[in-house]
Every structure is written in C-alpha cells, then in structure tokens.
Amino acid sequence: MARPIDAATIKRLRTQLVGDADLAGRSLARRLSQQADSWFESLASDLPSGWALMATGGYAGGVLCPGSDIDVVLLHPNKANDAQVRTVAEGLWYPFWDGGIKLSPAVHTTKTLLNLASDDLESATTILRVRCLAGDAELVRRLQHDALEQWRRRPMVWLQRLHESAQLRWERLGDVASLLEPDLKDGRGGLRDHDMIRWALAIDRPDVSSALEGPFEDLAGSAEVLLATRCELHRATGRFVNILLLQDQDRVAEAMGYFDADALMFEVSSAAHSIEWATERFWRRVDRLVKRSGKSSLKQLPEHVAGVTVVDDEAQITADADVDEQSFVFRMAAAAAHAGYPISARSLRMMASRGSEPGEVWAERTRRAFLSLLGAGQPMVHAIEALERYDLFSRYLPEWRAVRSRPQRNAFHTYTVDRHLLQTVANASELMRGVSRPDLLLVGALLHDIGKGYPGDHTEAGIELVDSIGARMGFPPEDVAIIRALIEHHLLLSETATRRDISDPRTAANVAAAVGDPVTLELLVALTEADSRATGPAAWSSWKATLIEELVHAVSMSLRGEHRAIDGTPLDSRFSHLVDQVQAGGGVLIEHESVGDFEMLRIASADRRGLFSLIAGTLALHGLDIVGAEAFTGADGTAVDEFRILRAAGTSPNWSKIAHDLRGVLAGDVDIDARLEQRIKSQGRSRRAVSAIPPRFEVLISNEASDSTTIIDVRAPDAPATLYRLSHALAGAGYDIRSAKVATLGHEVVDVFYVVGADGKLPEDTHADVRACLTSALV
C-alpha cells in the first residue's frame, strides 16, 4: 500500500505547479484541482465503510485558483463516535494546513448537512454541486439528489434570498465592468454572479429558466476571462485576494500575454458587462416571478411616447413604431429611463438592425430627445449602457467608442472613462435647476473627458473634437463655444481653489480672464461638483466645496469689475487681538476655533525663520490632516500662522497636548525630526506611500501667477510629514512662506507655497536650486 502524501511533498508539488509558466487560466485551475484530487485520494484511501469525502463549491466544478479555498466535506455514519471522526478528519486536513494550502473543511452526517442546508443559503448552494473524492460514491450521489430535491421544494424562498444577498454584495463592492480596481469574484458581473445564475437554474422550473436571455453556456467565455485573470492575480502577486488593484495590473497583464494593463482591463470589463447584463435582466424577471407570480402585464408609460409601451416591466417597441425615425432611439431610451424601466433586448436588437445612418446631423427633435435622456438621472446610466451594448449610442456619437470600457491609470479615479462620464452627467442632472443653461451643462458633463480616448493631452483632444460633435448635435456656434470652454476649463476651479491663494486678487483675476462670462462660470461651478463626485471619494468634500465657493465669489466680483477682499475686511484685522497680546509680552499664543468640518488653529509669536515648518511638524506629530495654511507678519515683527485642519470623524484633537508640544518645539526643547521618525516607525509606515503609478516628484515655480510672491507647486507621493519636510527645506534655504495650500489626490500630495526671499520674489536663476532642494527633502 502506498504511503500517504505528507505536508512537505504537498508544499513542494504545489509550488512547482503554480510556478509552471506553461499553464494559465482554466488549464492551471484544472491542474490545481486535479492535483488536490490526487492528494485526497492518497490521504483518504482507507476511509472506513460508509464514509465519504466530497468536494463542494467551486472545487466540485473541477477548478481551483492558486488562492482558492478548497471546500471539502467529510461524511460519516451516525454511529461514528467523536474520537473516531476527529482522528479521520485530522489525518485528512493537517497535511494540507501544514503544507500552507487554504482548506475549508467540514464534517457532517448526511442528515446534519441537509438540516443545515434546509435554511442556510450558503450551505444550501454549496452542496448543489458535489463530487466524490474518496469513499462511498453512492452516499455522495444520494446526498446530491436529496440536496437538489430540498432546494426545489422552496423555489421562491431561495430565489428571493439569492437576490437579496446579491444586492447587498453589489452595493458593497460595485461593478466589475466599471471600477478601476474590481473585485473579480464578488463584484457585480463577477464570478459569483455567474454561479448564482447556475444555482437559480438548478431549481429546474421553466419560468425561471426562461428568465435568462439565451443559453447559460453563452456566459462561459466571459466567466473564463474572469477566472483566468483571478488565477494570474493570485499567482503574480502571491496574495490570495480577489480585488485587481492598479499596482498589480501590469504584472497580471504581462503574465497573461496582453499588450499592456489597459488591454487586460478592457477584456475584464467586456466580460463583466456580459455577465452583468444577463444578471440584471435575469434577477429583474425572477423578482417579478417572486412578487407577482409571473402573470404577464401590459402598461402604459407615465408620459405617452409614440411607439413605446411597457410589457412585463420592460420598455417594448410597439408594432406601429417608426423605428427608422432619427430620434426614436433616444426617445425610447429617455422614456424608459424616466419611468425606471429597462429596454427589452428584443427592442434593442430591432433598433440596432434599423434606424438612421451613423454620423448624420441631428434634427432638433433628436437633440431634444437626447437631452431628455441625459436629464433622466441615475437610470440614464443603465439606459445608455444598454444602448451601447448594441452600438446604438455610438451610432449617434462615434467618438464614444474610444472611451468605452477604457480604464484610467490613476488611483484618484474610481471608474472607467465611459462610466465616469455617465456618472458625471447623472450628478449634473441634480444641479440643473441651479443653472440657466442645463442643456449645455449636461452635454459638457458628457464630453468633458471625451479626449481621454485619444492621443495627447485629453483636454486638448476634447477641445478639438467638440466642434464637430457640437455641430452634429445641432447646437449653434455660440453654444458650441460654451461647451468648448467647459471642456477646456473643467479642472480650473478645482485646481485653483485647492492650489492657489484665493485671497490674492491676482488669483480671481486670472480665473475670470479664462472663464470670460458669468454663464460659463455658473456652468463650470456645477460641472466641477458633478465631475468631482463622479471621480472618487477623495475628490469632493465640504472643504473643497467651501474653497470653490470662496473662489467663485471672488471671480464673480472680478467679472463685475469689483475688487476687494473676499470677506470684505483686511486680513490682518482678524488677528489683531493676538498681535496685541504678543506685543504686550504674551510670548507664544495659541487659539483654535471649530468652523464646519474644520478646526482653525492660530499661533502668534515673534517672527523667526522656520516658524511655519516647526508648527507644521508639530501638527504632523499629532497626525492632524492639514488642508490649508496662511502666514502673516506684521510691521512690528509679530507673526500669525493659521492652519486649517480637517476634523477626523468622531474624534477631537487634544489641544492642550498640542499646545504643550508647540511651545516645546518653538523653545527648542523638542527634537521634532527625531519625534517624527519615531512616530512613523511606530505606525509601521515608510516615508513614501505605495502607489500603482510610478512615484513622481514635480516642482513648478512661477513668478507670474502672483503680484507679490513666487508660487512653488510641488507634486509628490503621499507620505507622512510631507508639508513639514518641504517647508523645513524652504526655511533652510532662507525663504519665508506667506501662505500654503495642501491637497491629497489619491496617492499623491499637491503642496503649493507662496514664498518670498530677502528681496521679494525668487530670481529665476535660483529656481533650479530650489527644485533640487525640495526634491532632496522627500527622497
């Protein structure tokens, strides 16, 4: 009798197989499953009579990714005692565990397993497909039969639970097709959704089977792409995770033979779109079965649209519809989106096979229908994605093909380009009532990043495209000019508000000169919010909204020819009480004030070189999130530094401890560098953050953007105490910081300093040395 395999052999053979470069995707998954089968056969070769070892879940299907849990159940007779069960089970499980293999085992009698599966969704679905690995094959066959019979006795209960569990998962993890970092297994349109359709079809009822458009086997190719990608993700990274992070996509793409990560992510997105499309329609119809017993229904839309009706909760083309009329596609999609119904696949196929020629100039009725669709809010996203599944949206807007499912190699973004644009439009539809030209806002939102599908700078490419797009849509030249301005300046307000000194009159004047008129400014304000909210969680906040509001107020005044401080008072008057106390011998004075989501911290003392950096270092020592800072120096030499700090949710800074440390640092009693290094080490953080994008140090220096100071714009990877290190370097070089703007964009920080030297602005022949100084401070 052959000796059972041991843990060391398992580990060695598994490592060899995972490292075999000739295997990839399903071939690797099959071999890993077969390898595990052979080990279980060896370990379970002498199972007692009436016992069985079976594979469940994905392993029962004969595939395993390198990081997959190996799901197995040991079945034993009712009469087996606990000691015997424990001995047999440990002999099977421990060689895997000791060999570093992920194993998810369970031990049951047939009765206990079926009882558990009678009311537990996960257990019930796990044994819908099982496979005997060793022992009594007839016992496993009977269990499979009984499990399916039990599943089919309560079809509506299980269908409802499946759908509810899926909805929770989708809400938590988002869409595989549109996210830049998708969860390949559990995201919407992922491998789990493919499995769930299979589980639902196991109920074996005609009305459930007919809810799926097309054979289930048609989804096999899409599931294969996701399975292969998941296998390579596990193998390339050595981490057994399901989220395909930006930082891993290049390695996975190379291992799978794709030209680059963009090509891989396009395939992943396309595959997930297919599964998501089938999933969404399947579960909508199943939900109708569960709630309404499947009775057919005919409805009218809330607002009558010629040629469109509602059948079984789907928008359908009527027999008398004029499908060839140019506006019909948009009229139908708009009607469906506003009413909250999907467009039936039959209707989509019919419109795709007929209709107007691609690239035709739009009639007025077509443009109105298009704008109605864009204004439908969130349902518009799914309506346009449904159209584009049949190339209908890009029939009217051919430029859309270049951004369809296009990934963005930017950790700041959440979505693919096309989904980002559609989400921006959905957000903009919420802001339409606050602008005088909602039509231009919606079109500007749709097209603001259209250039990302073309070579070169995406803004410049978009500007070049908009003339032909706007003319095709039927907009007059003056409206096209406004859309062009929205594309050209869609980042202007956001970047200026977070990277420039709003109190500097030159800032507002520069923005006013670029924008040109109040209507464009009004539209840019709405576009900025809609775009930021569609970008990602780090792109919009109450802090950013406040800065933009202050900037827009100043720009509006500049457009009207008015020039005064934003709050109408001299800046130094806000600190006169602090200045007076310092002059009276108050030493270092510290005060803080809560303003909305921020804490305003003000420190007044006799001016000295490096004061700003010492304060920034102390705040970094306490882990405070600085988002803005200004420095003021009076004629008498009293300095007031004001820091705007974003308040962390549910916490409040220990101001007494901060004040104590500030006084210690300013008195020279605290070694701020040593304390910061100690804090960084204690938190296990390196000075440089990990990013999917190669680290970039960029220092831009300008004497033109401000009348009285030199502006130094630093972009660098996010890391602890960046503001302190940069300001400390500037102080060491003999420069005074008058104000600073701080922003974090994903894995990147943007710190902007308004500085002066001994004779005012920094001479241009010193700029190269300043760049070198700041770069070395962070490397």
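Keep in mind the model is a prediction, meaning the values are calculated, not measured.

The rules behind the values
Residues numbered from 1 in each chain as written. Predicted model: local features only at pLDDT ≥ 70, side-chain atom pairs only at ≥ 80, totals over all residues. Heavy atoms only, no water. Helix = DSSP H or I, 4+ residues; strand = E, 2+ residues; numbered from the N terminus. Contact = heavy atoms within 4.5 Å. Areas by Shrake-Rupley, 256 points an atom, 1.4 Å probe, with all protein chains shown as cover. Lys, Arg positive; Asp, Glu negative; His and termini not counted. Charge placed at Lys NZ, Arg CZ, Asp CG, Glu CD. Pairing = 2+ DSSP bridges. Axes fitted to C-alpha atoms, helices over the stretch in contact; angles between N-to-C directions. Salt bridge = Lys/Arg side-chain N within 4 Å of Asp/Glu carboxyl O. Buried < 20%, exposed > 50% of the residue type's maximum accessible area, 1.4 Å probe, protein only. Disulfide = S-S within 2.5 Å. Phe/Tyr/Trp six-rings, centres within 6.5 Å; stacked < 30°, edge-to-face > 60°. Patch = residues over 30% accessible without salt bridge, like charges linked within 9 Å, V, L, I, M, F, W, Y side chains within 5 Å. Polar contact = N/O pair within 3.5 Å; in protein donor to acceptor, adjacent residues only side chain to side chain. Right-handed = clockwise from strand over helix to strand, strands pointing away. Parallel < 35°, antiparallel > 145°, perpendicular 65-115°, else oblique. Nonpolar A, V, L, I, M, F, W, Y, C, P; charged D, E, K, R; others polar. Left-handed = near helix turned anticlockwise from the far one by under 90°. Arc of directions from axis to C-beta. Core = buried A, V, L, I, M, F, W, Y, C linked by side-chain atoms within 4.5 Å.

### Observations concerning the overall build of the protein
Here is step 1 of the chain: Scanning the protein from N- to C-terminus turns up 32 helices and 15 strands.
Here is step 2 of the chain: Counting contacts in the protein only where the partners sit at least 6 residues apart, residues at least 24 apart contribute 69% of the total.
Here is step 3 of the chain: Accessible area of the protein: about 33,300 Å², with a carbon and sulfur share of 50%.
Here is step 4 of the chain: With 85 positive and 108 negative side-chain charges, the protein shows a separation of 6 Å between the mean positions of the two kinds.

### Concerning the sheet that holds strand β1 (residues 52-55)
Here is step 1 of the chain: With mixed pairing, the 4 strands of this open sheet are ordered in space as β3-β2-β1-β4. Two strands lie at the open edges of the sheet, namely β3 (103-108) and β4 (131-135), each paired on one side alone. When strand polarity is set aside, the average angle formed by the axes of neighbouring strands in this sheet is 25 degrees.
Here is step 2 of the chain: In this structure, strand β2 (residues 70-75) lies alongside β3, joined through 6 bridges in parallel fashion. Residue pairing across strands places Leu-75 opposite His-108, the latter belonging to β3.
Here is step 3 of the chain: Against the sheet, helix α2 (residues 25-43) touches β1, β2, β3 and β4, its axis set at about 25 degrees to β4.

### Description of the pattern of salt bridges
When their charged atoms lie close together, side chains carrying opposite charge are able to pair.
Here is step 1 of the chain: According to the stated counting rule, one finds 46 salt bridges in the structure shown.
Here is step 2 of the chain: Note that Arg-235 is salt-bridged to Glu-232, the shortest N-O span being 2.6 Å. Pair noted here: Arg-235 and Glu-232 are both in helix α11 (residues 220-237), with a separation of 3 residues, about one helical turn.
Here is step 3 of the chain: According to the relative accessible area criterion, Glu-232 is buried, its value standing at 2%.

### Notes on the state of the cysteines
Here is step 1 of the chain: Enumeration according to the criterion identifies 0 disulfides in this entry.
Here is step 2 of the chain: Counting only cysteine sulfurs, Cys-65 is the nearest neighbor of Cys-231, a cysteine outside any disulfide, at a range of 3.1 Å.
Here is step 3 of the chain: Judged by relative accessible area, Cys-231 falls into the buried class, the value being 0%.

### Points about the packing of aromatic side chains
Here is step 1 of the chain: The final tally for this structure, using the stated rule, is 16 aromatic pairs.
Here is step 2 of the chain: An angle of 90 degrees between the planes, with centres 5.2 Å apart, marks the rings of Tyr-94 and Trp-97 as edge-to-face. Pair noted here: Tyr-94 and Trp-97 are both in helix α4 (residues 82-98), with a separation of 3 residues, about one helical turn.
Here is step 3 of the chain: A relative accessible area of 40% means that Tyr-94 is categorised as partly exposed.

### Quick look at the pairing of strand β7 (residues 314-317)
Here is step 1 of the chain: By the alternation rule, side chains of β7 split into Glu-314 and Gln-316 and Ala-315 and Ile-317, which are all buried.
Here is step 2 of the chain: The pairing of strand β6 (residues 308-311) with β7 spans 4 bridges and is classified as antiparallel. Note on β7: the bridge partner recorded for Val-310 is Ala-315.
Here is step 3 of the chain: Hairpin connection of β6 to β7: 2 residues between the antiparallel strands, including Asp-312 at a positive phi of 50 degrees.

### Let's talk about a negative patch on the surface
Here is step 1 of the chain: A cluster of like negative charges, contributed by Glu-704, Glu-764, Asp-765 and Asp-769, occupies part of the molecular surface.
Here is step 2 of the chain: Considering the arrangement of structural elements, one finds Asp-765 in the loop between β15 (748-756) and α32 (767-778).
Here is step 3 of the chain: The exposure class assigned to Asp-765 is exposed, which follows from its relative accessible area of 64%.

### With respect to the environment of Asp-661
Here is step 1 of the chain: Within the element layout of this structure, Asp-661 appears in helix α29 (residues 655-666).
Here is step 2 of the chain: Residues contacting Asp-661, with those up to four places away along its chain left out, are Thr-618, Leu-621, His-622 and Arg-675.
Here is step 3 of the chain: Within the structure, the side chain of Asp-661 is placed 2.8 Å from the side chain of His-622, a separation counted as a polar contact.

### Looking at the pairing of β2
Across a regular strand the side chains alternate sides, sitting on one face of the sheet and then on the other.
Here is step 1 of the chain: Counting buried positions over the 6 residues of β2 gives 5, a clear majority of the element.
Here is step 2 of the chain: Pairing of β1 with β2, which is carried by 4 bridges, proceeds in the antiparallel orientation. The residue of β2 that forms the bridge with Ala-55 is Val-72.
Here is step 3 of the chain: Chirality of the crossover, the property in question, places the unit of β2, α4 and β3 among those that are right-handed.

### Let's talk about the environment of Asp-391
Here is step 1 of the chain: Within the element layout of this structure, Asp-391 appears in the loop between α17 (379-389) and α18 (393-396).
Here is step 2 of the chain: Separated by 341 residues in the primary sequence, Asp-391 and Gly-732 place their C-alpha atoms 60 Å from one another.

### Side note on unusual backbone geometry
Here is step 1 of the chain: Even without a glycine there, the phi angle at Asp-313 is positive, about 60 degrees.
Here is step 2 of the chain: Position of Asp-313 relative to the elements: it lies in the loop between β6 and β7.
Here is step 3 of the chain: A relative accessible area of 7% means that Asp-313 is categorised as buried.
Here is step 4 of the chain: You will see that Asp-391, though not glycine, has its phi angle at about 60 degrees, which is positive.
Here is step 5 of the chain: Given a relative accessible area of 39%, Asp-391 falls into the partly exposed group.

### Considering the packing of helix α23 (residues 492-499) against helix α26 (residues 542-559)
Here is step 1 of the chain: α26 packs onto α23 with a crossing angle of 100 degrees between their chain directions and a minimal axis gap of 9 Å. As far as their axial angle goes, α26 and α23 are roughly perpendicular. On the side of α23, the interface is formed by Leu-493, Ser-494, Thr-496, Ala-497 and Thr-498, while α26 contributes Trp-543, Lys-544, Leu-547, Ile-548, Leu-551 and Val-552.
Here is step 2 of the chain: When grouped by side-chain class, the residues that make up the contact of α23 with α26 number 7 nonpolar, 3 polar and 1 charged.

### Quick look at the packing of helix α31 (residues 722-732) against α32
Here is step 1 of the chain: Where α31 contacts α32, the axes come no closer than 9 Å and their chain directions differ by 140 degrees. For the element pair α31 and α32, the recorded crossing hand is right-handed. Taking contact as the criterion, the partners of Thr-722, Arg-725, Leu-726, Ala-729 and Leu-730 in α31 are, on α32, Val-770, Cys-773, Leu-774, Ala-777 and Leu-778.
Here is step 2 of the chain: Among the residues forming the contact of α31 with α32, the class breakdown is 8 nonpolar, 1 polar and 1 charged.

### Concerning the side chain of Asp-37
Here is step 1 of the chain: Tracing the chain through its elements places Asp-37 in helix α2.
Here is step 2 of the chain: Asp-37 has contacts with Tyr-59, Arg-131 and Leu-133, leaving out every residue within four places of it along the chain.

### Describing helix α27 (residues 576-583)
Here is step 1 of the chain: Listed in full, the buried residues belonging to α27 are Leu-578, Val-579 and Val-582. Around the axis of α27, the buried residues are gathered within 100 degrees of arc, so they sit on the same side.
Here is step 2 of the chain: For α27, the secondary structure elements touched by its buried residues are β8 (589-595), β9 (598-606) and β11 (638-646).

### Focus: the nonpolar core
Here is step 1 of the chain: By size, the foremost hydrophobic cluster in this structure holds 89 residues, and its most contacted members are Met-351, Phe-370, Leu-373, Leu-387, Leu-446 and Leu-447.
Here is step 2 of the chain: It is helix α14 (residues 328-339) that contributes the most residues to this core, 9 residues altogether.
Here is step 3 of the chain: Judged by nonpolar contacts, the second largest core, of 55 residues, contains Leu-28, Val-225, Val-252 and Met-265.

Everything listed here is a matter of coordinates, which is why it stays silent on function.
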